[in-house]
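Here are the chains, one letter per residue:
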Amino acid sequence: MNTTSSAAARVFTITLNPAIDQTVRIPTLVPGAVHRALGQQTEAGGKGVGVAAVLAALGVPVTASGWLGADNDGVFTAAFAARGITDAMLRLPGSTRTNIKLADAERGDSTDINLPGLTLAPEALAQAEADLLAALRAQVRPGDWCELAGSLPPGASADVWERLARALAAQGAHIAIDTGGAVLLQLLQRLADPARGSVVPVALVKPNRAELEELAGRPLSTSPTLAEVADAASALCRSHGVQHVVVSLGGDGAVIATAAGRWQAAAPRVPVATTVGAGDALVAGTLAALVRGQAFPGAAVWGMACAAARIQRIAPGLPPRAEVDAIAAAILPQPL
């Protein structure tokens, strides 16, 4: 599948286990101590929701789809309206989970406490999947991008993601996957297995180092070389038909791979206010560049620039595009 899309292409983010993110800012996290908070903020969260917010800020037409609890959906409804995100989330009985993020000002990172999410009876889960699939089939056009994002709610398995991916690929959509753990490996194996039906090409995955180890089926060395990371990323392209891989390595930048080549891109030196939202910004920036027809590794570099811009501020959002472009211009990918 050719992943170069026209300007009319849209992005659909599909989040099955969103969360209300409550971020509490503290001077420094000391286990067992009483902390005096510097402030707090509540945001509509979940990987796909975060990616949709950045895409909308970048001017990419984006629709947020998936499942929300009907009892406390107000924060999402308001966020989608304020950010220009088309709201196609299905409301289900119950409440969306709340995740707590402790943002450590001294360390510049966060400690997350994630709750499990909506629990549906098997019959209700099957109906929710059928309703979501029908809604997506009615909206997705050939050339659109669909991102399968985040964790699964209790009771759901990788089967749900597989059925959605196959149906959306049959619609002519490009499939991006940003979920982790064993589910990601199962999904990639199933989509690449001709015995399960037609092979579904996956346009983009963005594992971190730990997720890459799971995908490779082996631990990397304690201090893996960039070539070792690139070997594991390239193997995804060969064994699972993934077209674009971006391995996020935090302060060490990223390793970028396709079937045609592999590169290392050093992280730009910027002040870090928080790491919250960095991964979503990387995915969204990369998708935005791909939607606009930019090739790899440049598309991934622009995603890295979005992430670098995001971590410089506590408040969600990005600076003006000129600042992102300036950061991107300073990231020079080197072949590996």
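The sections below set out a description of the structure shown in this document. Since this is a predicted model, take the numbers as computed values, not measurements.

## Observations regarding helix α9 (residues 298-310)
In step 1: The end-to-end C-alpha separation of α9 is 18 Å, in line with the 18 Å expected for 13 residues at 1.5 Å each.
In step 2: Buried residues dominate α9, accounting for 12 of its 13 residues.
In step 3: When we look at burial in α9, the residues that qualify are Ala299, Ala300, Val301, Trp302, Gly303, Met304, Ala305, Cys306, Ala307, Ala308, Ala309 and Arg310.
In step 4: Looking at the buried residues of α9, the elements they touch are β11 (242-248), β12 (254-258), β13 (262-265), α8 (278-291) and α10 (321-329).

## A short note on unusual backbone geometry
In step 1: Residue Pro297 is bonded to the preceding Phe296 through a cis peptide linkage, with omega at 5°.
In step 2: Here Pro297 is to be found in the loop between α8 and α9.

## Concerning the sheet that holds strand β2 (residues 19-26)
In step 1: Read from one edge to the other, the open sheet built from 4 strands follows the order β3-β2-β6-β7, with strand pairing classed as mixed. Looking at which strands have only one partner, the edges of the open sheet turn out to be β3 (39-45) and β7 (109-113). For this sheet the average axis-to-axis angle between neighbouring strands, irrespective of direction, equals 25°.
In step 2: Both strand β6 (residues 97-104) and β7 contribute to a ladder of 5 bridges, which runs antiparallel. Among the inter-strand pairings, Leu102 is bridged to a residue of β7, identified as Thr111.
In step 3: Across the face of the sheet, helix α2 (residues 74-83) comes into contact with β2 and β3 while running at roughly 80° to β3.

## Structural notes on the nonpolar core
In step 1: By size, the foremost hydrophobic cluster in this structure holds 55 residues, and its most contacted members are Val11, Leu55, Ile85, Leu287, Phe296 and Trp302.
In step 2: Per-element tally for this core: the top contributor is α9, with 10 residues.
In step 3: Not counting the four nearest positions on each side in its chain, Ile85 is found in contact with Ala52, Ala53, Ala56, Val62, Ala64 and Phe80.
In step 4: Core analysis: the second largest hydrophobic core is formed by 49 residues, Phe12, Cys146, Val229 and Val242 among them.

## Here's the deal with the packing of aromatic side chains
In step 1: Counting across every chain of the model gives 1 aromatic pair.
In step 2: Taken together, a centroid distance of 6.3 Å and an interplanar angle of 50° make the contact between Phe76 and Phe80 tilted. Remark: Phe80 and Phe76 occur in helix α2; sequence separation between them is 4 residues, near one turn of the helix. Note on accessibility: Phe76 and Phe80 belong to one class, buried.

## Here's the deal with the pairing of strand β5 (residues 86-92)
In step 1: Two strands pair when backbone bridges link them, and strand β4 (residues 62-69) and β5 are joined in this way by 7 bridges, in the parallel orientation. For Trp67, the partnering residue across the bridge sits in β5 and is Leu90.
In step 2: Assessed by its sense of winding, the connection that carries the chain from β4 through α2 to β5 is right-handed.

Each value, and the rule that gives it
Residues numbered from 1 in each chain as written. Predicted model: local features only at pLDDT ≥ 70, side-chain atom pairs only at ≥ 80, totals over all residues. Heavy atoms only, no water. Helix = DSSP H or I, 4+ residues; strand = E, 2+ residues; numbered from the N terminus. Expected span 1.5 Å × (residues − 1). Buried < 20%, exposed > 50% of the residue type's maximum accessible area, 1.4 Å probe, protein only. Contact = heavy atoms within 4.5 Å. Pairing = 2+ DSSP bridges. Axes fitted to C-alpha atoms, helices over the stretch in contact; angles between N-to-C directions. Core = buried A, V, L, I, M, F, W, Y, C linked by side-chain atoms within 4.5 Å. Phe/Tyr/Trp six-rings, centres within 6.5 Å; stacked < 30°, edge-to-face > 60°. Right-handed = clockwise from strand over helix to strand, strands pointing away.

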